[in-house]
Amino acid sequence: MSGPRAARLIVLRHAKSARPEGVPDHERPLAGRGRRDAPAAGRLLHETGCVPDLVICSTARRTRESWDLVAAQLSASPEVVFEQRVYGASAATLVGVVRDVPERHRTVLLIGHQPGVQDLVLSLAGDGDAEAFGRARVKFPTSAVAVLELPGPWAHLAPGTAEFTDFAVPRGVRVTPR
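Residues numbered from 1 in each chain as written. Predicted model: local features only at pLDDT ≥ 70, side-chain atom pairs only at ≥ 80, totals over all residues. Heavy atoms only, no water.

Draft legend 1. Molecular detail of the pairing of strand β3 (residues 79–83). Of the pairings in the sheet, the one linking strand β2 (residues 54–58) to β3 comprises five bridges and is parallel in character. Its bridge partner lying in β3, Cys57 is registered against Phe82. In this view, the connection linking β2 to its parallel neighbour β3 by way of helix α2 (residues 61–71) has right-handed handedness. (Pairing = 2+ DSSP bridges. Helix = DSSP H or I, 4+ residues; strand = E, 2+ residues; numbered from the N terminus. Right-handed = clockwise from strand over helix to strand, strands pointing away.)

Draft legend 2. Broad picture of the pattern of salt bridges. For the structure shown, the criterion picks out 11 salt bridges. For Glu149, the salt bridge goes to Arg8, with nearest N and O atoms at 3.0 Å. Of this pair, Glu149 sits in strand β6 (residues 145–150) while Arg8 sits in strand β1 (residues 7–13); the two residues are 141 residues apart in sequence, bridging distant segments of the chain. Two residues, Glu131 and Arg135, come together in a salt bridge whose shortest N-O distance is 2.7 Å. One end of the pair, Glu131, and the other, Arg135, are both in helix α5 (residues 130–138), four residues apart, so they sit about a helical turn from each other. Given a relative accessible area of 34%, Arg135 falls into the partly exposed group. Overlapping salt bridges bring together Asp25, Arg28 and Arg62 as one network. (Salt bridge = Lys/Arg side-chain N within 4 Å of Asp/Glu carboxyl O. Buried < 20%, exposed > 50% of the residue type's maximum accessible area, 1.4 Å probe, protein only.)

Draft legend 3. Main features of the packing of aromatic side chains. With the rule as written, the count across this model stands at two aromatic pairs. Arranged with centres 5.9 Å apart and planes meeting at 85°, the rings of Phe133 and Phe164 form a pair that is edge-to-face. Of this pair, Phe133 sits in helix α5 while Phe164 sits in strand β7 (residues 162–168), placing them 31 residues apart in sequence. Plain terms: the ring middles of Phe140 and Phe167 are 5.3 Å apart, the flat faces sit at 55° to each other, and that makes the pair tilted. Here Phe140, found in the loop between α5 and β6, pairs with Phe167, found in strand β7; they are 27 residues apart in sequence, far enough to count as distant. No difference in accessibility class separates Phe140 from Phe167, as the two residues are buried. (Phe/Tyr/Trp six-rings, centres within 6.5 Å; stacked < 30°, edge-to-face > 60°.)

Draft legend 4. Region of interest: the pairing of β2. Along β2, five of the five residues are buried, which leaves the element largely enclosed by surrounding structure. Residues Leu54, Ile56 and Ser58 point to one face of β2 and Val55 and Cys57 to the other, with burial holding for every one of them. One ladder, built from four bridges, connects β2 with strand β4 (residues 107–112); its direction is parallel. Paired with Cys57 across the strands is Ile111, a residue of β4.

Draft legend 5. Just the nonpolar core, in detail. One finds Leu9, Leu120, Phe140, Leu148 and Phe164 to be the most contacted residues of the largest nonpolar core, which totals 32 residues. Considering every element that reaches this core, the biggest residue donor is helix α3 (residues 91–99), with five residues. Those residues in contact with Phe140 that lie beyond four places of it in its chain are Val11, Arg13, Gln114, Val117, Gln118, Val121, Ala146 and Phe167. Ile10, Val55, Cys57 and Val145 belong to the second largest nonpolar core, which has 19 residues in total. (Core = buried A, V, L, I, M, F, W, Y, C linked by side-chain atoms within 4.5 Å. Contact = heavy atoms within 4.5 Å.)

Draft legend 6. Looking closely at the sheet that holds β7. An order of β3-β2-β4-β1-β6-β7-β5 is seen for the seven strands of this open sheet, with the pairing classed as mixed. Two strands bound the open sheet, and with one partner strand each, they are β3 and β5 (125–128). Pairs of neighbouring strands in the sheet enclose a mean axial angle of 30°, with direction left out of account. Direction of pairing for β5 relative to β7: parallel, over a ladder of three bridges. (Axes fitted to C-alpha atoms, helices over the stretch in contact; angles between N-to-C directions.)

Draft legend 7. Quick peek at the confidence of the model for the protein. Mean pLDDT over the protein stands at 92; residues scoring 70 or higher make up 93%. pLDDT under 50 marks residues 173–178. Its contacts with residues more than four places away, or in other chains, come to 13 contacts. (pLDDT = per-residue confidence, 0-100.)

Draft legend 8. Examining the state of the cysteines more closely. All chains considered together, the criterion is met by zero disulfides. Here Cys50 stays unpaired: no disulfide links it, and the sulfur of Cys57, its closest cysteine neighbor, is 18 Å away. For Cys50, a relative accessible area of 3% gives the class buried. Classification of Cys57 by relative accessible area gives buried; the value is 0%. (Disulfide = S-S within 2.5 Å.)

Given below as structure tokens:
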């Protein structure tokens, strides 16, 4: 293969959050199930070789807690950016965030919220695993992980330009590598 390898975008919906009375949405913590599922998502990333070199994470407490639990399962310490624009973002806003990624980063993990993360994944996918795409279209639950391969620079990211390669919903059980 000539030239730089394709970029990989991993999109993770935060793990299941609690809804404590009187707590603002931005400050909602993870629920017990979320604390179990987030490490499973981290193990999945580690065991499938989808380890990011950059993490873009919403500033919401539930996304930050999800990242901490995912990170503990990885064999690397990627650069992490807590980005306010990701909180409650639309797919269009998320595309803008990803377009700003410096080209030195080849595998990026974006941790965000519904419906933006699902809309982003579905809008970017132009080709790839039809079965995985169908599952992501029907439901994008908490802790869901979608993987997209991008053919060009981050700055050229556009709807329909990515290859949808994988979709998984890890739960608090040990995952096996592919």
